[in-house]
Structure formats: structure tokens, C-alpha cells
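One-letter residues, chain by chain:
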Amino acid sequence: MAGRFQPGTSRATVRGGATSAPVAIPRQVAADAAPCVRRWTPPWPLDLGLVLGPLRRGPADPTFRTTADGSVWRASRTPAGPGTLRVAMRAGTVEAEAWGPGAEWLLDGLPELLGAADEPEAFAPRHRLVAASLRRRPGLRLLRTGLVLESLIPSILEQKITADEAYRAWRLLVRKYGEPAPGPDTGMYVMPEARAWALVPSWEWHRAGVDNKRASTILRAVKVARRLEEAAAMPAEQAMARLELIPGIGPWTSAEVIQRSNGAADAVTVGDLHLPRIVGYALAGERNTDDAAMLELLSPYEGQRHRAARLILLSGRTPPRREPKMRRVDIAQW
């Protein structure tokens, strides 16, 4: 988030997707870890922290890191294998390095990852708050990873629990069953492959605080991982429909995934505990807005509703808290 608003940790507030990415400074890379390199100059302003922020699953995400030299690091499992990507901005040019079997795949997809397929010019703000939020963030683009499972599994983990619980589960499971990220020793991990998720014992799900319903949904998803990955090349509505064929994956989860994997500008999240209230309060001063009312308020942004909702989140205008936070329940203690 930017400006005066410094939110606590919740899915609704972090969905705005800002993360710290300082101005880059030169860094040294060990000779025995020579990366593949790509430089790309976007023809528009680019804010790495805003663009890549939605991929971060908590401050200790083992697959995502920002460093003091201005770099954003990602560890991904690509169709070509695991890969590590480091991205930094220097004098308006994106400098990217990648390691591992997936290095070339990551570099080939760099422009789309950073919003080259996005069409922000199609967005016309209809509210003063949205216009102000847009004006303050000229470097905001909607990313497209082209990878479904890496967003699907953490989104399933986030179903109906607090963000802290979901982030903890993701962190524990990736570190235990993933593999160290290729390249420099950064302490990062690549998430497990589909078969490794399928082999996680029931007691390890329990130890990570994941109930049987969410664990079973993940197990059903990884059995058809290849078919789900195909959704990254589909139109957003078809992609969401394919994901929702899996029992346990509904509109909330599919939208959260397609926003990241497909760069879907209209995939507004419904079924969220906080988002309708935030949108209702920001646009109409109503704090008890439901999904139907939220969609009505966002109707002027048809085709760009996710972008509008994200700008609202980034504006920092949220209803004052009048009830306790959702209670954290650690099932590992049961």
C-alpha cells in the first residue's frame, strides 16, 4: 500500500499488491552461478513493487523476496522446470537474470509478467477516489505469470482462514516439500511439483494447519495439474470455469488465480469477507455492502472491475473496524 494507509495483514488489504522494491544498485554475482540475462525497456512507467506485489504470499514467502539492492526475486516451477528470476529497474530499463532449467522460459515471459499484455488505457475512472488512486500510481500494470498451479495452491490455502494462517501453511509446506531455488544461495524454495503435493502425508497437512477440506481440494487439483495449467492460455471466463470443475474451487478461488496467471482485468473477487465492505465504503460510504451491491457499484467498470477494485484497495479508504478480527484457529494443536 502507499500513502498514509499502512494496513494490518489481511487478504483484503494485501490484495492491493504493493511490495517494497527500492531503486536498484549494482550487485556482484558469483562466477559459478552465471545467469541467463535479459534487458527490456518498457514503453511506459513501471513500478516493480506494484506489479509483482500480488505474487507475494506473506513477508516470509519462500518463493518471493525483495532485497536492498532493488531486486525482486521469484522462484517458480515452469513447464521447463524450476527457475529463479531476479528483476530490477535501472534508469528505466528492466534488468533480469534467471537461473535453472526454467531460466529461458522465465525470461521469455518477462514482458507479460510485467504487464505488457495489460491494457490500462481501456480503463476510465468513474469515481474521484479511483481517479486519484490511478493518478498516484502510473506504474501499475496487471501481471500475467502464465502459471496456474503456483497461484492456485496458495489461494486454496487461503480459503476461509486468516492471512497469517494461510501464509504459515504455504511457508511450511514449500520449505519441507519444495526444493532449493536454482542459482545463488538466497534461501528461497521452488514450490513442490504436482506429484510431491500428492504425497504429502495427512499429518503434515494437519501440522501446517490445513484442514481436510482444503487439503483434499489441493489433492484433487494436482491430479489434473496439466489440464489446469492449460487454463493460463484461455479467456478468463473459460479459465475460471475449468478451475471450478474441481470440487472445492469456487468463484473466489478461481478469480484470485486468474488475476495472476492470466492477467484478467475483469476477474473481480466475490465471496470475500472484506472486499465488498471496502468497495462499498469507498464508493458509497456503506460499510455493510454485500457481493451483489459491490458488483452493482463496480458495474461502470465492466471489463476492468478487478483493476478498479485494486485501485480502491490501494487508495487506503477502508471502513473503521467495529468488530474483532477473525479468530485464529491452529488445528495443529487439536
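It should be noted that the structure appears before, not after, this text.
Note that the coordinates shown come from a computational prediction; the quantities given were computed from them, not determined experimentally.

## Points about the overall build of the chain
Right, so step 1: Within the chain one finds 16 helices and seven strands.
Right, so step 2: Burial statistics for the chain: of 334 residues in total, 54% are counted as buried.
Right, so step 3: Of all intrachain contacts in the chain linking residues separated by at least 6 positions in sequence, the fraction that spans at least 24 positions is 69%.
Right, so step 4: As displayed, the chain offers around 15,300 Å² of accessible surface, 51% of which is attributable to carbon and sulfur atoms.

## Side note on the environment of L142
Right, so step 1: Locating L142 in the fold gives a position in the loop between helix 5 (128-136) and helix 6 (149-157).
Right, so step 2: Classification of L142 by relative accessible area gives buried; the value is 5%.
Right, so step 3: C-alpha of L142 to C-alpha of N262: the two residues are 120 residues apart in sequence and 9.3 Å apart in space.
Right, so step 4: Once residues lying within four places of it in the same chain are set aside, the contact partners of L142 are G115, D118, A265, H306, R307 and R310.

## Some thoughts on the sheet that holds strand 3 (residues 72-78)
Right, so step 1: The five strands are arranged 1-5-4-3-2 in an open sheet whose pairing can be described as antiparallel. Of all strands in the sheet, those bounded by a partner on one side alone are strand 1 (36-40) and strand 2 (64-66). Going across the sheet, the axis of each strand differs from the next one's by a mean of 20°, ignoring polarity.
Right, so step 2: In the sheet, strand 2 pairs with strand 3 via three bridges, with the strands oriented antiparallel. When the sheet's bridge partners are listed, F64 is paired in strand 3 with R74.

## Quick word on empty space enclosed by the protein
Right, so step 1: Within this structure, the stated rule accounts for four cavities of 30 Å³ or more.
Right, so step 2: Taken as a whole, the largest cavity spans an internal volume of roughly 150 Å³.
Right, so step 3: Secondary structure elements with two or more residues in the lining of the largest cavity: strand 3 and helix 6.
Right, so step 4: Considering each element in turn, the lining of the largest cavity owes the most residues, four residues, to strand 3.
Right, so step 5: Across the lining of the largest cavity, the residue classes break down as six nonpolar, three polar and six charged.

Basis of the calculations
Residues numbered from 1 in each chain as written. Predicted model: local features only at pLDDT ≥ 70, side-chain atom pairs only at ≥ 80, totals over all residues. Heavy atoms only, no water. Helix = DSSP H or I, 4+ residues; strand = E, 2+ residues; numbered from the N terminus. Buried < 20%, exposed > 50% of the residue type's maximum accessible area, 1.4 Å probe, protein only. Contact = heavy atoms within 4.5 Å. Areas by Shrake-Rupley, 256 points an atom, 1.4 Å probe, with all protein chains shown as cover. Pairing = 2+ DSSP bridges. Axes fitted to C-alpha atoms, helices over the stretch in contact; angles between N-to-C directions. 1 Å grid on protein atoms, 1.4 Å probe; cavity = no way out; pocket = protein on both sides within 12 Å on 5 of 7 lines; lining within 4 Å. Points joined across faces, edges and corners; volume = space filled by probe spheres on them. Nonpolar A, V, L, I, M, F, W, Y, C, P; charged D, E, K, R; others polar.

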